[in-house]
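These are the residues of each chain, in order.
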Amino acid sequence: MVDNQRVEGVQPIHQAVYAHFSSHYKASCVDQPQVDDLQFSTLFPSEGGTLVKPFSVEEVQIAVWDCDSYKSPGPDGVNFGFLKEFWAELKSDIMRFLSEFHRNDRLTKGINSTFIALIPKVVGSVVSEVQSVFVAERQILDGILVANEVVDDARRHRKELVLFKVDFEKAYDSVDWRYLDDVMRQMAFPVLWQKWIKECVSTATASVLGLNVMMRSLVQAKLFTGYSIGTGSPIEISHLQFADDTLLLGVKSWANICTLWGILVLFESVSGLKVNFHKSMLVGVNVAESWLAEAATVLGCSVGKVPFMYLGLPIGGDPRRVSFWEPVVNRIRSRLTIWKSRFLSFGGRLILLKSVLTSFPVYALSFFKAPSGIERKVGSGEETFFWSDLWLGGAPLCVRYRRLFDLSLNMMSTVAEMSALGWGGGGEAWLWRRQLWAWEEEMVEECRALLSDVVLQVNVTDYWGWRPDPSGGYSVRGMFDLLMSRGGQAVAATTDVIWHKQVPLKVSVAAWRLLRNRLPTKDNLVRRHIISQGAHLCVAGCGAPETAQHMFLSCIRTIVGFNQKLDWHLFS
């Protein structure tokens, strides 16, 4: 569809595609504002000389070794692992190629763009303090920390705060590279460096850098009022950036809203880097919703709420609330639903958990601390999973009745759905993959008895509750008392020993099952209705009930057998 008209045929489609992309990539002939009057940070002469000095073998080797060995292979399948493996043979060819580039500022046609990484991108002295990337010792979490501190300060002191999350189009769709030349000239980059960048432009960093200079000029001219944080020597924060991820912050005022709109439109005219106002978002703290709606209409953006996402993490959320972590939990749950864990061994499940699931919450846990000791409080039951959520008793029903969960056809049903189907005798909630055995029917009756006292409240939303203090909720003091009463340090020490990297996997799994009383001893088999009550005596014939504690600590016969096997193993 082109201008709401259907296009058919090879030639018309070819012309439509060509016209679409040529309109994006061709240089505009329209006169645009210049950046000559903006005060950019400039390079020192020594820094400029460092940028254009000939490449040395040592720095090229460091750049190659910094690249991942198994990522970004070219069309021929050659990656940086190949370069590292055969560095001695390829070193002279690579240095000859880089020397020709240094001398002629031209890249060979078809060269892999990953070689551009061998050229430094920016220098720390010209990067703004609000930019948390491209400079050593700056991290993505710096911007998240500042944004959360600003929102918390506004809440604590009941200040009015407005945040505008800017969404830029992709640089190659709209940026005018003449602007990039002007910025590099204003920042005193060497002419040779400017030629290199023209030859291999790879990011829109300099374009967004211009927005930083504009915002700084507005604040200095008192045309935009940022948010002041602190009491003694307050710091005024007007914007945060991570590459082109930009967050603008200021006090609530129509002057700020009008200035934001004007500076973004001006920046778009100067750089050609377009702002997606319809994808951008305006968020307020202690600001009336009616005022936000009017301001969003002026800016042509949507209205957001705290918490909102910035750089992949929520800003203004409360990590002590379980709802804060539900996106992470839902992501893990969605991955678990497609795994067939019953076909994996214990070791296979452990490897899968370590290699995949543990990486999901790492980014969030690197900044926020998750609470523990929670359970689901059921109202209507529409947001609580019947089997997998902890909402009834001390454990999820899928753990307490694992056998029934494996056989159920309603694994992903909510509490409300199971109740509607009927979980009483003969209810349609109990649909199985096969006919149940007698002992399995007994487990169903036990589960029905557990559900007999459950009453759903139609107009009440499900929520997470803190088990140690259901009425008062989670508190730091309550968590401290809980840890002190349980002696968590001893348990943690035991866990560290079991899962030590030098302990074989089979030994770790067996020790963990022993610690959690998950070994198939006869007392566990009786409890799961796998064997009869009368067959619970020790297999060694000592006449005592067979439990894990008895087998490994009390039974003389099994201890003697273990010692004999250990002596034989050491002797052999």
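What you see is a predicted model; the values in this text were computed from it and never measured. (Residues numbered from 1 in each chain as written. Predicted model: local features only at pLDDT ≥ 70, side-chain atom pairs only at ≥ 80, totals over all residues. Heavy atoms only, no water.)

**Quick notes on the overall build of the protein chain**
Looking only at helices and strands, the protein chain has 25 helices and eleven strands in total. In the protein chain, which comprises 572 residues, the proportion classed as buried is 37%. The long-range share in the protein chain, meaning contacts at least 24 apart out of those at least 6 apart in sequence, stands at 64%. For the protein chain, the accessible surface area stands at approximately 34,100 Å², while carbon and sulfur atoms represent 57% of it. (Helix = DSSP H or I, 4+ residues; strand = E, 2+ residues; numbered from the N terminus. Buried < 20%, exposed > 50% of the residue type's maximum accessible area, 1.4 Å probe, protein only. Contact = heavy atoms within 4.5 Å. Areas by Shrake-Rupley, 256 points an atom, 1.4 Å probe, with all protein chains shown as cover.)

**Regarding a positive patch on the surface**
A contiguous patch of positive charge, built from R516, R518, R527 and R528, is present on the exposed surface. Relative accessible area serves as the criterion here: at 51%, R527 is assigned to the exposed category. (Patch = residues over 30% accessible without salt bridge, like charges linked within 9 Å, V, L, I, M, F, W, Y side chains within 5 Å. Salt bridge = Lys/Arg side-chain N within 4 Å of Asp/Glu carboxyl O. Lys, Arg positive; Asp, Glu negative; His and termini not counted. Charge placed at Lys NZ, Arg CZ, Asp CG, Glu CD.)

**Focus on the nonpolar core**
Formed by 28 residues in total, the largest nonpolar core has its most connected members in L161, L163, L249 and F308. For this core, the element with the highest residue contribution is helix 6 (residues 140–156), accounting for six residues. If you count residues domain by domain, this core takes at least three from each of domain 3 (140–171 + 207–317) and domain 4 (323–366). Leave out the neighbours within four places in its chain, and L163 touches V151, L247, L248, L249, M281, L282, V283, V285 and F308. (Core = buried A, V, L, I, M, F, W, Y, C linked by side-chain atoms within 4.5 Å. Domains from an automatic or database assignment.)

**Thoughts on the packing of aromatic side chains**
Evaluated as defined, the whole model comprises nine aromatic pairs. Consider the rings of F386 and W391, whose centres lie 5.9 Å apart with planes at 50 degrees: the pair is tilted. Every member of this aromatic cluster is reached through a ring pair, and the members are F386, W387, W391, F405, W423, W430 and W432. (Phe/Tyr/Trp six-rings, centres within 6.5 Å; stacked < 30°, edge-to-face > 60°.)

**Let's talk about a nonpolar patch on the surface**
On the surface, a nonpolar cluster with roughly 380 Å² of combined accessible area is contributed by L514, F552, L553 and F562. Locating F562 in the fold gives a position in helix 25 (residues 556–571).

**Observations concerning the sheet that holds strand 7 (residues 302–303)**
Across the sheet, five strands lie side by side as 4-5-1-6-7; this open sheet has mixed pairing. Of all strands in the sheet, those with a lone pairing partner are strand 4 (239–242) and strand 7, marking the two edges. Where strand 6 (residues 281–285) and strand 7 come together, two bridges link them in parallel fashion. Along strand 7, the bridge assignment pairs M281 with S302. Seen against the sheet, helix 12 (residues 289–299) touches strand 1 (161–166), strand 6 and strand 7 and runs at an angle of roughly 155 degrees to strand 6. (Pairing = 2+ DSSP bridges. Axes fitted to C-alpha atoms, helices over the stretch in contact; angles between N-to-C directions.)

**Notes on the confidence of the model for the protein chain**
When pLDDT drops low, the exact placement of atoms in the prediction is not to be read closely. With 67% of its residues at a pLDDT of 70 or more, the protein chain shows a mean pLDDT of 75. pLDDT under 50 marks residues 202–208. Its contacts with residues more than four places away, or in other chains, come to 20 contacts. (pLDDT = per-residue confidence, 0-100.)

**A short note on the pattern of salt bridges**
Considering all chains together, one arrives at nine salt bridges under this definition. The salt bridge involving R6 is made with E8; its shortest N-O contact spans 2.7 Å. Given the relative accessible area of 55%, E8 is considered exposed. The closest approach of N and O atoms between R96 and D93, which form a salt bridge, is 2.4 Å. Here D93 and R96 lie together in helix 5 (residues 87–104), a separation of three residues that amounts to about one turn. Look at the salt bridges and you will find they share partners, linking D153, R156 and K159 into a network.

**Focus: the environment of L240**
With respect to the helices and strands, the residue L240 is situated in strand 4. For L240, a relative accessible area of 6% corresponds to the buried category. Once the C-alpha coordinates of L240 and A147 are considered, the two residues, 93 residues apart in sequence, prove to be 8.0 Å apart.

**Some thoughts on the side chain of S238**
Mapped onto the fold, S238 is located in the loop between strand 3 (235–237) and strand 4. Among the polar contacts listed, one links the side chain of S238 to the side chain of H239, at a separation of 2.7 Å. When residues no more than four places from it in sequence are discounted, the contact partners of S238 are M215, V219, F224, G226, L247, L248 and L249. (Polar contact = N/O pair within 3.5 Å; in protein donor to acceptor, adjacent residues only side chain to side chain.)

**Points about the environment of L519**
On the secondary structure map, L519 appears in the loop between helix 22 (505–515) and helix 23 (522–527). Distance in space between the C-alpha atoms of L519 and T547 is 9.2 Å, their sequence separation being 28 residues. Setting aside residues no more than four positions away along its own chain, L519 makes contact with A510, R513, L514, N524 and F552.

**Brief notes about the pairing of strand 5 (residues 245–251)**
With respect to burial, strand 5 is a largely interior element, five of its seven residues being buried. Inspection of the sheet shows strand 1 paired to strand 5 by six bridges, in the antiparallel sense. Pairing of V162 across the sheet is with G250, part of strand 5. In this sheet, strand 5 lies alongside strand 4 in antiparallel orientation, the contact comprising four bridges. Its bridge partner lying in strand 5, L240 is registered against L247.

**Notes on the pairing of strand 1**
Note on strand geometry: in a regular strand, side chains alternate between the two faces of the sheet. Taking burial as the measure, the six residues of strand 1 include five buried ones, the bulk of the element. Bridge analysis of strand 1 against strand 6 gives five bridges, and the strand direction is antiparallel. Residue pairing across strands places V162 opposite G284, the latter belonging to strand 6.

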